[in-house]
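# Structural description and commentary
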Amino acid sequence: MRNRRTAEPSSSEITPESVFLNRRRLLAAGLGAAGLSVAASVAASVAASAAASAAASAISSSSPMVVSARGLSPGEELTPEDIVTSYNNFYEFGMDKDDPARYAHELTTDPWSVEVAGECAKPGEYAFEDIVSGFTPEERIYRFRCVEAWSMVVPWQGVPLRRILERFEPSGNARFVEFTTLYRPSEMRGQRSLFSSIDWPYVEGLRMDEAYHPLSLMAVGVYGKPLPNQNGAPLRLVVPWKYGFKSIKSIVKIRFTRRQPKTTWQLQGPQEYGFYANVNPDVSHPRWSQASERRLPSSLFEPNRIPTLPFNGYGAEVAQLYQGMDLRRDF
Ligand code: MTE
């Protein structure tokens, strides 16, 4: 992001076309029966890996999985799993797209606890299992648009963020919610790097009405398996109408606040990254256009650029959150 001169990848970042051709899966129009079988297999594989993972065991596998592919056009394809899990931004493990997949195994994610603080009735230290237990897992197939102008279509599994936040009974004073990623330089080599300009830990935030929006998801899985470390194990946000940097990974703190949180990328480059970060083709990043995006996987010869949609295609559901706001100023 900040350290990149352009939105385009280097040739080493380009996904081989063969990977795409071998692994591509078509999303049938409206998902239909295909979607339900995806749900069943996700439930099965979440259950199957339960012993190995606190993430999986925390989710009750007896309940039926709810599947939603909101906002997707018929025929839009899932991004292959190996791209989703190997082309990552997780600067705690390095600046290159393949660093997280290479180094994130160094992170211990079990046990995991989350501190809850601020304007709520139930602050405290919660085990990961206690945060996500008892909910029916949902699969949400979402577009995922990075501010760097690449995008994917990803099948996440998780719990609506609202359901999790309500557990802590936020008070009427809570106007925003701040999320913080783990700071553990011994296991996160990017946090020890002299080349990193980021002021760790990584912090993100949402307005409460954004956090309570039905599309906001606390993800614990992807492609029917517990989140791999490089995708933000054991729990990360997914906010599909915003640029990907809002979808903070490996969360260890949730704080309810009156004031708008100071977020990592805003502090890094306030001219480049706003607090709201709603996907907006009409507001260019100072160094590149946001009018279109490169849908992964794409090759050097077939860049696969598609027009970027306002709110990443979720405008009908979220635009009302921003009524009366100037989205050029509050970008
Ligand atoms: N969360 C943390 N803690 N650190 C990061 O560097 N990168 C963000 C976001 N969450 C990031 C993070 C950015 S820029 C993007 S695009 C997405 O994670 C990438 O998510 P993915 O690797 O699962 O596709």
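Above this note sits the structure.
Residues numbered from 1 in each chain as written. Predicted model: local features only at pLDDT ≥ 70, side-chain atom pairs only at ≥ 80, totals over all residues. Heavy atoms only, no water.

### Details of the overall build of the protein chain
- Looking only at helices and strands, the protein chain features eleven helices and 15 strands.
- Relative to its 331 residues, the protein chain shows a buried fraction of 56%.
- A sequence separation of at least 24 residues applies to 74% of the contacts in the protein chain between residues at least 6 apart.
- Put simply, the protein chain shows about 13800 Å² of open surface, and 53% of that area lies on carbon and sulfur atoms. (Helix = DSSP H or I, 4+ residues; strand = E, 2+ residues; numbered from the N terminus. Buried < 20%, exposed > 50% of the residue type's maximum accessible area, 1.4 Å probe, protein only. Contact = heavy atoms within 4.5 Å. Areas by Shrake-Rupley, 256 points an atom, 1.4 Å probe, with all protein chains shown as cover.)

### Some thoughts on the sheet that holds strand E5 (residues 124-127)
- Read across the sheet, five strands follow the order E5-E4-E13-E8-E9 without closing on themselves; strand pairing throughout is mixed. Pairing within the sheet leaves two strands with one partner each, and these edge strands are E5 and strand E9 (203-207). Neighbour-to-neighbour, the strand axes of this sheet turn through a mean angle of 20°, independent of strand direction.
- Taken together, the four bridges between strand E4 (residues 113-118) and E5 define a ladder with antiparallel strand orientation. Looking at the pairing, Glu115 lines up with Glu125 of E5. (Pairing = 2+ DSSP bridges. Axes fitted to C-alpha atoms, helices over the stretch in contact; angles between N-to-C directions.)

### What to know about the site of the ligand
- Residues in contact with the ligand amount to 17 residues; listed here are only the nearest, Asn88, Tyr91, Glu92, Thr181 and Lys249.
- Note that an oxygen atom of the ligand is positioned 2.8 Å from one of the backbone N or O atoms of Tyr91.
- Expressed as a share of its isolated accessible area of 530 Å², the protein-covered part of the ligand is 100%.
- If you map the ligand onto the pockets, it falls in the largest cavity.
- Its residues assigned to classes, the shell around the ligand comprises eight nonpolar, six polar and three charged. (Near = heavy atom within 4 Å. Polar contact = N/O pair within 3.5 Å; in protein donor to acceptor, adjacent residues only side chain to side chain. 1 Å grid on protein atoms, 1.4 Å probe; cavity = no way out; pocket = protein on both sides within 12 Å on 5 of 7 lines; lining within 4 Å. Sits in = over half its atoms within 2 Å of the grid points. Nonpolar A, V, L, I, M, F, W, Y, C, P; charged D, E, K, R; others polar.)

### Description of the packing of aromatic side chains
- Counted under the stated rule, the structure contains twelve aromatic pairs.
- Seen from their ring centres, Tyr87 and Trp150 are 5.2 Å apart, and the 90° between their planes marks the pair as edge-to-face. A residue pair is termed long-range when its members are at least 10 positions apart, and Tyr87 in the loop between helix H4 (81-84) and helix H5 (99-103) and Trp150 in strand E7 (residues 150-160) qualify at 63 residues.
- You can call Trp150 buried: its relative accessible area is 4%.
- When the ring of Tyr91 is compared with that of Trp265, the centres are 5.6 Å apart and the planes differ by 65°; the resulting orientation is edge-to-face. Of the two residues, Tyr91 is situated in the loop between H4 and H5 and Trp265 in helix H10 (residues 264-268); the sequence distance between them amounts to 174 residues.
- Taking the relative accessible area as the measure of exposure, Tyr91 reaches 5% and is therefore buried. (Phe/Tyr/Trp six-rings, centres within 6.5 Å; stacked < 30°, edge-to-face > 60°.)

### Some words on the nonpolar core
- Ranked by internal contacts, the top residues of the largest apolar core, which has 80 residues, are Trp156, Phe179, Ile254 and Phe256.
- At six residues, E7 tops the list of elements feeding residues into this core.
- Once residues within four sequence positions are removed from consideration, Trp156 is found in contact with Glu138, Glu139, Arg140, Tyr142, Phe144, Leu217, Ala219, Gly221, Val222, Leu227, Arg236 and Val238. (Core = buried A, V, L, I, M, F, W, Y, C linked by side-chain atoms within 4.5 Å.)

### Looking at empty space enclosed by the protein
- Taken as a whole and judged by the stated rule, the model has two cavities of 30 Å³ or more.
- Of the pockets and cavities examined, the largest cavity occupies roughly 290 Å³.
- In terms of lining, the largest cavity is formed by 24 residues, of which the most central are Asn89, Phe144, Arg236, Gly244 and Lys249.
- If one sorts the elements of the lining of the largest cavity by residue count, E7 sits on top with four residues.
- A class-by-class count of the residues in the lining of the largest cavity yields 15 nonpolar, six polar and three charged. (Points joined across faces, edges and corners; volume = space filled by probe spheres on them.)

### Structural notes on the layout of surface pockets
- Taken as a whole, the second largest pocket holds about 230 Å³ of empty space.
- Along the walls of the second largest pocket sit 21 residues, with Tyr243, Asn278, Val283, Ser284 and Phe331 positioned nearest its centre.
- For the lining of the second largest pocket, the class distribution of residues is eleven nonpolar, seven polar and three charged.

### Describing the environment of Glu138
- Inspection of the secondary structure assignment puts Glu138 in strand E6 (residues 138-145).
- Residue Glu138 is classed as buried on the basis of its relative accessible area, which comes to 15%.
- With 81 residues separating them in the primary sequence, Glu138 and Ala219 have C-alpha atoms 9.2 Å apart.
- Here the side chain of Glu138 touches Arg140 through a polar contact of 2.8 Å, side chain to side chain.

That is the geometry; function is a separate question.
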